[in-house]
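# Topology and contacts: notes
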Number of protein chains: 2
Amino acid sequence: MHLPPLVQTFVLHFGEMGSRWGINRTVGQIYALLFVAERPLNADEIVERLGVSRSNVSMGLKELQAWNLVRLQHVPGDRRDYFATPEDIWQIVRTLVEERKKREIDPTLTLLRELLMQEAGTEGERHAQARLGEMHDLFELFAGWYADVRRLETERLVQLLTLGSKVQKVLEVKDRLVRLPGRIGGRAAKSDIKPTD
Amino acid sequence: MHLPPLVQTFVLHFGEMGSRWGINRTVGQIYALLFVAERPLNADEIVERLGVSRSNVSMGLKELQAWNLVRLQHVPGDRRDYFATPEDIWQIVRTLVEERKKREIDPTLTLLRELLMQEAGTEGERHAQARLGEMHDLFELFAGWYADVRRLETERLVQLLTLGSKVQKVLEVKDRLVRLPGRIGGRAAKSDIKPTD
DNA sequence: TAGCAATTTCAGAAATTTCTGAAAAGTCGA
DNA sequence: TCGACTTTTCAGAAATTTCTGAAATTGCTA
């Protein structure tokens, strides 16, 4: 691996973090390398800089493409494939949110729906089902949030994230205004989740 | 493994999802089992129901405790340890958010800060640093959001999550009101992140 | 402080994931 | 269609993670 020290530190870190983020080391390193690169890189350049096998890079790039985290580009007069990360970091956020939803939330949501349809035999199963119902509502809420985030344009997304704990004040303001004639704020959100604290 | 079919399906699914969520199969199964259990369970009961080794359960419980996802309880007249998940599912959300921040965001934030302090030698390093700066700002924003979520009481948390794409309307309303005399909405959030789309 | 019950630790076995090299498949111009 | 170049596939090697059984430790009470 020969890279400027700053880049190398970053690339190695991303490789290590990969396992916490659900990708493997090489995939993390490739992504980090492309992220800081000044121009698109081809597979052999990645092999050269990371010191891993060609086939590993090929598989890593395939996975990053499946995640929609890298874009394939072509350099005129060169038939090799060149890869780059989207420059807009907010596009990356939307992509990650979408993929996480698909992988970490949707499958469980599907299963929970199925289990809630079943007939509970024993007392224990009835209790389990009640608990699964709570989890289902929670997962639905998250799924909706993720879906919303994906659709928001950048400026609104920044606002939503910046909002955080200020939500209280903002909503107070809204509630007050919504009660005025004219109804700007839209209808109240349905919520079958009962707060317990 | 002997469990009612409904519970077994759920437990197995959680075990499989575990790897996507950054925990191992047994840890996922233990969590799922405790989540739907009618009463706290001791280690031997978990061994019995999941059909895994005693030591594996011991390690799994230790990890779940490190994540603050299970609580240790004592049954009077029984010196064994009993375990349960907090009943309030929103407490679980806060815990997960906190732990994810600690594991998935903070280490990278720390590294990015360090790298941004360094002197960039080459042109390539200067470009890399600019890119890392963008990532740093993004991670800061997320870290702040996560920290906020952890602090919100349940009702507000539900509101924040339900908000999603409605953020636009709500903020329009707020903006309008904030400009009125009295300044209810608080000061504008500082934002060094420039939207690019 | 001996004896028993419960829990934890840990070395190595088992399972899983990641990575490589070699071969296959695809692509383009001559 | 050939041949040079490029990418993909995949079986097995290497690395890593997970899991187990046995032993050690903890803590209680008699």
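Presented here is an overview of the structure given in this document. As the structure is a computational prediction, the values presented were derived from the model and not from experiment. (Residues numbered from 1 in each chain as written. Chains lettered and ligands numbered in written order. Predicted model: local features only at pLDDT ≥ 70, side-chain atom pairs only at ≥ 80, totals over all residues. Heavy atoms only, no water.)

### Considerations on the interface of chain A and chain B
Tallying the contact residues gives 79 residues for chain A and 78 residues for chain B. Here chain A meets chain B over a buried area of about 7800 Å², counting both sides, of which 69% is carbon and sulfur. If you look at where chain A meets chain B, you find two salt bridges. Measuring nitrogen to oxygen at the nearest pair gives 3.3 Å for the salt bridge that ties R100(A) to E104(B). At the boundary of chain A and chain B, one finds 20 residue pairs in polar contact (both at pLDDT 80 or more). For the side of chain A that touches chain B, the secondary structure elements donating two or more residues are α1 (5-21), α2 (25-36), α5 (89-117), α6 (123-151), α7 (154-163) and α8 (167-178) of chain A. (Contact = heavy atoms within 4.5 Å. Buried area = accessible area lost by both parts, 1.4 Å probe. Salt bridge = Lys/Arg side-chain N within 4 Å of Asp/Glu carboxyl O. Polar contact = N/O pair within 3.5 Å; in protein donor to acceptor, adjacent residues only side chain to side chain. Helix = DSSP H or I, 4+ residues; strand = E, 2+ residues; numbered from the N terminus.)

### Structural notes on the packing of aromatic side chains
Applying the stated criterion across every chain, the model contains eleven aromatic pairs over all chains. Residues F14(A) and W21(A) carry aromatic rings whose centres are separated by 4.9 Å and whose planes lie at 70 degrees to one another, so their mutual orientation is edge-to-face. Using a relative accessible area of 6% as the deciding quantity, one classes F14(A) as buried. In textbook terms, an aromatic cluster arises when at least three aromatic residues are bridged by ring pairs, as seen for F10(A), F14(A), W21(A), Y31(A) and F35(A). Positioned over the ring face of W67(B) is R103(B), at 3.9 Å from the centre of the ring. In this structure, R131(B) packs its charged tip against the face of F35(A), placed 4.1 Å from the ring centre. (Phe/Tyr/Trp six-rings, centres within 6.5 Å; stacked < 30°, edge-to-face > 60°. Buried < 20%, exposed > 50% of the residue type's maximum accessible area, 1.4 Å probe, protein only. Lys NZ or Arg CZ within 6 Å of the ring centre and 35° of its normal.)

### What to know about the protein's contact with DNA strand C
By nearness alone, 17 residues border DNA strand C, and T26(A), S53(A), S55(A), R79(A) and D81(B) come closest of all. Taking the atoms of DNA strand C that fall within 4 Å of the protein, sugar and phosphate contribute 62% of them. For DNA strand C, a phosphate oxygen lies 2.8 Å from a polar atom in the side chain of T26(A). Contact distances for DNA strand C include 2.9 Å between a base oxygen and a side-chain N or O atom of R79(A). Sorting the residues of the surface near DNA strand C by element identifies α2 and α4 (54-66) of chain A together with α4 (54-66) of chain B as the ones contributing at least two each. Examining the composition of the surface near DNA strand C, we find that four residues originate from one element, α4(B), more than from any other. (Near = heavy atom within 4 Å.)

### As for the protein's contact with DNA strand D
Around DNA strand D sit 17 residues in total, of which R79(A), D81(A), T26(B), S55(B) and R79(B) are the nearest. Taking all atoms of DNA strand D within 4 Å of the protein, the share assigned to sugar and phosphate is 58%. Within the side chain of N56(B), an N or O atom sits 3.0 Å from a phosphate oxygen of DNA strand D. Among the elements that line the surface near DNA strand D, the one with the most residues is α4(A), at four residues. Of the residues that constitute the surface near DNA strand D, the class distribution is two nonpolar, seven polar and eight charged. (Nonpolar A, V, L, I, M, F, W, Y, C, P; charged D, E, K, R; others polar.)

### A word on the pattern of salt bridges
Residues and elements named next belong to chain A. This structure, assessed with the given rule, holds 26 salt bridges over all chains. In this structure, R71 and E87 form a salt bridge, with 3.4 Å as the shortest nitrogen-oxygen distance. With R71 in strand β2 (residues 71-74) and E87 in the loop between β3 (81-84) and α5, this pair connects stretches of sequence that are 16 residues apart. On the accessibility criterion, R71 (35% relative accessible area) is partly exposed.

### Comments concerning the relation of the copies chain A and chain B
After a rotation of 180 degrees and a shift along the axis of 0.0 Å, chain A superposes on chain B with an RMSD of 0.1 Å. Look at the turn and shift together and you get a two-fold axis relating the two. Using C-alpha coordinates, one finds that chain A approaches the rotation axis most closely at K174(A), a distance of 3.3 Å. (Least-squares fit on C-alpha atoms with pLDDT ≥ 70 in both.)

### Thoughts on the sheet that holds strand β2 (residues 71-74) of chain B
Residue and element names in this part refer to chain B. Taking strand neighbours across the sheet as the criterion, the three strands line up as β1-β3-β2 in an open arrangement whose pairing is antiparallel. Whereas interior strands pair on both sides, the edge strands pair on one side only; in this sheet they are β1 (41-42) and β2. Strand direction decides the pairing type here: β2 and strand β3 (residues 81-84), joined by four bridges, are antiparallel. Looking at β3, one finds that L72 is bridged to F83. (Pairing = 2+ DSSP bridges.)

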